[in-house]
Amino acid sequence: PEAMNAALSLQQVFRDVARESIRSVVQIDTTTTVTSRRYGRSFDQPGGTGSGVIYDSEGETYYVLTNAHVIQNTDNIRITLHAGTEYEAQLIGADSSFYDLAVLSFKSEEVLTVATIGDSDRLVVGDQVLAVGSPFGFQSTVTSGIISGLGREQSNNPLAEYIQTDASINPGNSGGALVGLDGSVIAINTWIASRTGGSV
């Protein structure tokens, strides 16, 4: 009974954290406006799909943190909340050279959930985490794992240090949240080390 109670308590923690986290993690879809030389008309060409985290607000303005590579070379950015509401977003700024981060903003009259930002310096290898995002366009997907390593380097950016996790992360998770069991966002999911392109 004690072991079962402990397992059920942990399960409830996962449920609570997942339920709260998906409210502040958004799906990001981009399009690029292309003008046809032949027909002289403009149309929107679909770009990519990624994720983002609502991390701050001022009145009706909400701010989203995502990866710079999610929104690069795009003209239009659409944000979709877990509940399905869509908003047009504006790019505030991006750093693609070092951190691969970007900040977006959008306005909503509805009061939305803002994520709690945690402290990644307190992480220890073995800590349990959840990854929240929109892999392959499947919005509000939650996967679980642990912190597998700290201070990892990437050949494209040897100056930055990354957190490694074995929580499943696939294309579309970029810009989403890595969440601790206290519900705080302790990292932004950024890239995949894989021979296949994902952790399917």
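Residues numbered from 1 in each chain as written. Predicted model: local features only at pLDDT ≥ 70, side-chain atom pairs only at ≥ 80, totals over all residues. Heavy atoms only, no water.

**A few points about the pattern of salt bridges**
Phase 1: Within the structure shown, the criterion is met by four salt bridges.
Phase 2: One salt bridge connects R23 with E20, and the closest N-O pair in it is separated by 3.1 Å. Taken together, the positions of R23 and E20, both in helix α1 (residues 2-24) and three residues apart, correspond to about one turn of that helix.
Phase 3: Across the pair R78 and D29 runs a salt bridge whose closest N-O atoms are separated by 3.7 Å. One end of the pair, R78, is in strand β4 (residues 76-80); the other, D29, is in strand β1 (residues 25-35), and 49 residues separate them in sequence.
Phase 4: R78 sits in the partly exposed class, given a relative accessible area of 28%. (Salt bridge = Lys/Arg side-chain N within 4 Å of Asp/Glu carboxyl O. Helix = DSSP H or I, 4+ residues; strand = E, 2+ residues; numbered from the N terminus. Buried < 20%, exposed > 50% of the residue type's maximum accessible area, 1.4 Å probe, protein only.)

**Observations regarding the environment of H82**
Phase 1: Its location among the elements puts H82 in the loop between β4 and β5 (86-95).
Phase 2: For the pair formed by H82 and N67, sequence separation is 15 residues and the distance between their alpha carbons is 19 Å.
Phase 3: Only 2.7 Å separates the side chain of H82 from the side chain of S140, close enough to count as a polar contact. (Polar contact = N/O pair within 3.5 Å; in protein donor to acceptor, adjacent residues only side chain to side chain.)

**Let's talk about the confidence of the model for the protein chain**
Phase 1: Averaged over the protein chain, the pLDDT score is 91; the fraction of residues at 70 or greater is 96%.
Phase 2: The lowest-confidence element of the protein chain is strand β9 (residues 157-165), averaging 82 in pLDDT; the highest-confidence one is strand β3 (residues 61-66), averaging 98. (pLDDT = per-residue confidence, 0-100.)

**Things to note about the sheet that holds β1**
Phase 1: Pairing in this closed barrel of six strands is antiparallel, and the strands run β1-β2-β3-β6-β5-β4 around the ring. For this sheet the average axis-to-axis angle between neighbouring strands, irrespective of direction, equals 40°.
Phase 2: Bridge count between β5 and strand β6 (residues 101-107): five bridges; the pairing is antiparallel. Note on β6: the bridge partner recorded for G93 is V103.
Phase 3: Here α1 sits on the sheet in contact with β1 and β2 (42-58), set at roughly 25° to β1. (Pairing = 2+ DSSP bridges. Axes fitted to C-alpha atoms, helices over the stretch in contact; angles between N-to-C directions. Contact = heavy atoms within 4.5 Å.)

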